[in-house]
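Residue-level structure breakdown
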Amino acid sequence: MVSSDVRTFSEHLKGSKRIMALLGAGISAASGLPTFRGAGGLWRSYDATELATPEAFEANPDLVWQFYSYRRHMALNAKPNPAHYALAELAKRNKEFITLTQNVDGLSQRANHPLDQLHLLHGNLFTVKCTSFYCNYFRENDFTDPIVPALAIPKNLPEPPPYSDDKTAEEASESLQNAMGTGEQTELDISDERIPLAPLERELLPHCPECKEGLLRPGVVWFGEALPSHTLDFVDDWMKEGRIDLMLVIGTSSRVMPAAGYTEMARSKGARIAVVNMDGKDTGPGKLTSQDWSFQGDAGVLVPEILKSVIGEI
Ligand code: BJW
């Protein structure tokens, strides 16, 4: 039977050198970012994974950009949580620990996770690249929000004061300006399908500054696209280098390949597996054994707790 005993896990962790972690959207749930397949996995009426395809972008670039503009905005306004900091601390103390993240939100980077030990399997929301076949333009670390004015998240403007017979148009306009200046302007939640979204003309979407023709797209890996070859090669080489002591699988439904396949590959190199997940059934493609651990609950709470014997208090 799979264990949930922190004491035996801590003993194994203290003796482990070559450790690999696979992260998924659940680690950022405690930072307020929605996952793909759980609650919040719907964006407007769309399954979030339906928008993460080249076909969706081809058919509806404005909708897909609105989805990603919203995600960029959410990620920029979120903060790393104790799980991101705990893994960053483990990486600083153990140079043989590598993390493979499927997340594109930049929260591990913002927790100062050493970058040479953090490998992005599915790209980054803050990279953009040209979609033109002939152009290789890309830009990293673009944190402009909104990336173009047309993709701004609309504000919830106060009701305009009604025109009345005793007000001129100028007076009415002035009092509207005043109301907008002083009133609380909250952002609209554009994931809510009741909020109308205007279709955007193609020319208002981000365009390539180099070839001037291609649309820019988010630098993430969509279904059917290859993961970055330098990352896959690095992971393959690292795995071949020797026995693996421990594999941490944190906040992922382990449904998406090839990422999910790393857990069983690590097992075949000797690793014992520790899963941290809100859902006790999301334990990966293989079966956990009595040598493994499953910790059910919020990664934001559990990850610092299970790593405490090595990293101390976060
Ligand atoms: C908590 C929590 C809390 C909640 N605390 N836990 C082999 C077999 C079958 C199919 C394939 C195969 N190989 C390839 C495929 C096809 C496909 C695939 O895997 N399909 C499956 C769905 C069947 N794979 C691909 O297409 C990949 N490409 C590829 O293989 O290319 C081959 C190729 C080679 C050469 C040339 C061309 C092609 C690409 C996959 C790309 C995935 N992209 C996305 C979008 C990224 C951009 C974006 O963010 O928008 O990546 S889809 C989405 O899923 C995203 C995620 O990174 C990924 C994984 O999701 P994740 O992180 O696991 O999230 P959830 O929501 O699923 O789970 C959250 C978990 O957290 C749950 O378990 C919760 O319980 C838990 N949780 N709160 C702890 N507080």
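Residues numbered from 1 in each chain as written. Predicted model: local features only at pLDDT ≥ 70, side-chain atom pairs only at ≥ 80, totals over all residues. Heavy atoms only, no water.

**So, the site of the ligand**
Around the ligand, the surrounding shell holds 35 residues, and the nearest of these are Arg37, Tyr68, Ser253, Asn277 and Asp282. At a separation of 2.8 Å, an oxygen atom of the ligand approaches a polar backbone atom of alanine 25. Within the side chain of aspartate 282, one N or O atom sits 2.4 Å away from an oxygen atom of the ligand. Counted by class, the shell around the ligand contains 17 nonpolar, 11 polar and 7 charged residues. (Near = heavy atom within 4 Å. Polar contact = N/O pair within 3.5 Å; in protein donor to acceptor, adjacent residues only side chain to side chain. Nonpolar A, V, L, I, M, F, W, Y, C, P; charged D, E, K, R; others polar.)

**Quick look at the sheet that holds strand β10 (residues 216-220)**
Ordered by their spatial adjacency, 3 strands build an open sheet running β7-β6-β10, and the pairing between neighbours is antiparallel. At either margin of the open sheet sits one strand with a lone partner, and together these are β7 (138-139) and β10. Across 2 bridges, strand β6 (residues 123-130) lies against β7 in antiparallel orientation. Bridge pairing in β7 places valine 128 opposite arginine 139. (Pairing = 2+ DSSP bridges. Helix = DSSP H or I, 4+ residues; strand = E, 2+ residues; numbered from the N terminus.)

**Digging into unusual backbone geometry**
Cis geometry marks the peptide bond from aspartate 145 to proline 146, where omega comes out at 0°. With respect to the helices and strands, proline 146 occurs in the loop between β7 and β8 (155-156). For the bond from methionine 257 to proline 258, the omega torsion is 5°, close enough to zero to count as cis. Relative to the helices and strands, proline 258 resides in the loop between β11 (246-250) and α9 (261-268). With a phi angle near 55°, arginine 44 is a residue other than glycine that sits in the positive phi range. The residue serine 254 is not glycine, and still its phi comes out positive at about 55°. Secondary-structure assignment places serine 254 in the loop between β11 and α9. Serine 254 gets classed as buried once you look at its relative accessible area, which sits at 10%. (Buried < 20%, exposed > 50% of the residue type's maximum accessible area, 1.4 Å probe, protein only.)

**A closer look at the packing of helix α5 (residues 82-93) against helix α10 (residues 299-311)**
Two measures define how a pair of helices packs: the angle their axes make with one another and the distance between the axes. In the contact formed by α5 and α10, the axes pass within 7 Å of each other and the chain directions differ by 25°. Regarding the angle of α5 to α10, the classification is roughly parallel. Considering the relative orientation of α5 and α10, their crossing is left-handed. Residues Pro82, Ala83, Ala86, Leu87, Glu89, Leu90 and Arg93 of α5 touch α10, and the partners they reach there are Ala299, Gly300, Val303, Pro304, Leu307, Val310 and Ile311. Across the contact of α5 with α10, the residue classes tally to 11 nonpolar, 1 polar and 2 charged. (Axes fitted to C-alpha atoms, helices over the stretch in contact; angles between N-to-C directions. Parallel < 35°, antiparallel > 145°, perpendicular 65-115°, else oblique. Left-handed = near helix turned anticlockwise from the far one by under 90°. Contact = heavy atoms within 4.5 Å.)

**Details of the sheet that holds β11**
Sheet architecture is open: 6 strands sit in the order β5-β4-β1-β11-β12-β13, paired in parallel fashion. On the outer flanks of this sheet lie β5 (118-120) and β13 (293-296), each paired with one strand and no other. Here the strands of the sheet are splayed against their neighbours by 15° on average, with no regard to which way each runs. On top of the sheet, helix α1 (residues 6-14) reaches β1 (19-23), β11, β12 (272-277) and β13; it is set at about 125° to β13, its chief contact. Sitting on the sheet, α10 is in contact with β11, β12 and β13, with an inclination near 145° to β12.

**Concerning the domain arrangement of the protein chain**
Domain annotation of the protein chain identifies domain 1 (1-33 + 78-122 + 226-314) and domain 2 (36-77 + 124-153 + 190-220). Centre-to-centre, using C-alpha coordinates, domain 1 lies 28 Å away from domain 2. Opposite the 15 residues of domain 1 that make contact, domain 2 presents 12 residues. For the pairing of domain 1 and domain 2, the buried interface totals around 910 Å² over both sides, and the portion due to carbon and sulfur atoms is 54%. The interface formed by domain 1 and domain 2 holds 0 salt bridges in total. On inspection of domain 1 and its partner domain 2, the count reaches 4 residue pairs in polar contact (both at pLDDT 80 or more). (Domains from an automatic or database assignment. Buried area = accessible area lost by both parts, 1.4 Å probe. Salt bridge = Lys/Arg side-chain N within 4 Å of Asp/Glu carboxyl O.)

**Some points on the pairing of β12**
Looking along a regular strand, one sees the side chains alternate between the two faces of the sheet. Counting buried positions along β12 yields 5 of 6 residues, so the element is predominantly enclosed. Pairing geometry for β11 and β12, over 5 bridges, is parallel. Paired with valine 249 across the bridge in β12 is valine 275. Handedness of the crossover joining β11 and β12 through α9 is recorded here as right-handed. Here β12 pairs with β13 via 4 bridges, running parallel. Looking at the pairing, asparagine 277 lines up with glutamine 296 of β13. (Right-handed = clockwise from strand over helix to strand, strands pointing away.)

**Some remarks on the UniProt feature "active site" (unreviewed entry) in the protein chain**
The UniProt record marks His122 with the feature "active site" (unreviewed entry), using the residue numbering of this structure. Here histidine 122 lies in the loop between β5 and β6. Residue classification places histidine 122 among the buried residues on the basis of a relative accessible area of 13%. Discounting chain neighbours no more than four positions away, the residues touching histidine 122 are Thr101, Gln102, Val104, Gly219, Val220, Val221, Leu227, Val256 and Ala259. (UniProt positions renumbered as here; feature names shortened; annotations may be inferred.)

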